[in-house]
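Take a look at the letters that make up each chain.
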Amino acid sequence: RQPDMEQVSRGPAVSIAYDEAGQPTRAAIGFARGKGVDVSDLRQQDYDGKAYVVAVTRNQGRGAAAVLAEVLPRVCAGIRSGKNMRWNESGVVFSRPIRWIVALLGDCVVPLEYAGVHSGRTTRGIRPRGSQPISLDSVAAYEPAMALEGIVLDVRERETAITRRSVSAEGLDRWISGVFSG
């Protein structure tokens, strides 16, 4: 959750904001209206030795899901690769077609849309196994579900597994016999 914020906005000088009788002028009324406060809520504050009216507004912090729903589509739009493509009527460019978006915060779906695709809690397995839908109860369920599909998410773990398979004695023997067989 974002913290609640208090914002102080400086308006016109007090000498312009109030007339000789101390009544608010059009300048003060317009400033208050623009800040969404009542003119009676305006305060005075000194800036560099001169008195100004200020409006104090309080902005309530939003929940993480609301913030993420706003930010994540911009994050997706900022992802670029060497070869991007357009594949649907949204005109969005991305390295691969976006077929689904899993966006979870704990066990709640973060509601968002990007490239015409709405977020949810369903991902899919790998194509050789039929790309079966996998429903995720929570973020914690993601890694185990992918492991059951044979998908290694950790980059270092994946590199180690690939290296181990490629330099195994059997793999090396096949490579050598392929190189020297002709």
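This section reports on the structure supplied with the text.

Calculation notes
- Residues numbered from 1 in each chain as written.
- Predicted model: local features only at pLDDT ≥ 70, side-chain atom pairs only at ≥ 80, totals over all residues.
- Heavy atoms only, no water.
- Phe/Tyr/Trp six-rings, centres within 6.5 Å; stacked < 30°, edge-to-face > 60°.
- Lys NZ or Arg CZ within 6 Å of the ring centre and 35° of its normal.
- Pairing = 2+ DSSP bridges.
- Helix = DSSP H or I, 4+ residues; strand = E, 2+ residues; numbered from the N terminus.
- Buried < 20%, exposed > 50% of the residue type's maximum accessible area, 1.4 Å probe, protein only.
- Arc of directions from axis to C-beta.
- Core = buried A, V, L, I, M, F, W, Y, C linked by side-chain atoms within 4.5 Å.
- Contact = heavy atoms within 4.5 Å.
- Axes fitted to C-alpha atoms, helices over the stretch in contact; angles between N-to-C directions.

For the coordinates displayed, the defined rule picks out 1 aromatic pair. Between the aromatic rings of Y47 and Y52, the centroid separation amounts to 5.9 Å while the plane-to-plane angle is 75 degrees, which identifies the pairing as edge-to-face. We note R10 situated over the ring of Y47; from NZ or CZ to the ring centre the distance is 4.7 Å. A cation sits over an aromatic face here: R10 above Y52, 4.7 Å from the ring centre.

So, about the pairing of strand β2 (residues 43-47). Pairing geometry for β2 and strand β3 (residues 50-59), over 5 bridges, is antiparallel. Residue pairing across strands places Y47 opposite K50, the latter belonging to β3.

Bringing unusual backbone geometry into the picture now. The backbone of A115 sits at a positive phi, close to 55 degrees, despite the residue not being glycine. Looking at where A115 falls in the secondary structure, it is placed in the loop between β9 (113-114) and β10 (117-120). Backbone geometry places S131, a non-glycine residue, at a positive phi of 50 degrees. For S131, the location among the structural elements is in the loop between β11 (122-124) and β12 (133-135).

With that out of the way, let us pick up helix α2 (residues 26-35). Turning to α2, its buried residues are A28, F31 and A32. The buried residues of α2 occupy an angular sector of 95 degrees when projected down its axis, which confines them to one face. More than 90 degrees from the buried face of α2, the exposed residues found are R26, R33 and G34. At the exit of α2 stands G36, carrying a positive phi of roughly 75 degrees.

What follows covers the nonpolar core. With 10 residues, the main nonpolar core is built from V92, F94, I98, I101, A103, V110, L112, Y114, A115 and V117. Not counting chain neighbours up to four residues away, the residues in contact with A115 comprise N88, S90, V92 and I98. The next biggest cluster of nonpolar side chains, apart from the first, holds 9 residues, and it includes V14, A17, V37 and A55.

If you trace the 3 strands from one edge of the open sheet to the other, you get β1-β3-β2, paired in antiparallel fashion. Strands with a single pairing partner mark the edges of an open sheet, and in this sheet they are β1 (5-13) and β2. Within the sheet, the average angular offset between the axes of one strand and its neighbour, ignoring direction, is 45 degrees. Relative to β3, β1 is paired through 7 bridges, and the arrangement is antiparallel.

These results come straight from atomic positions and should not be treated as a statement about function.
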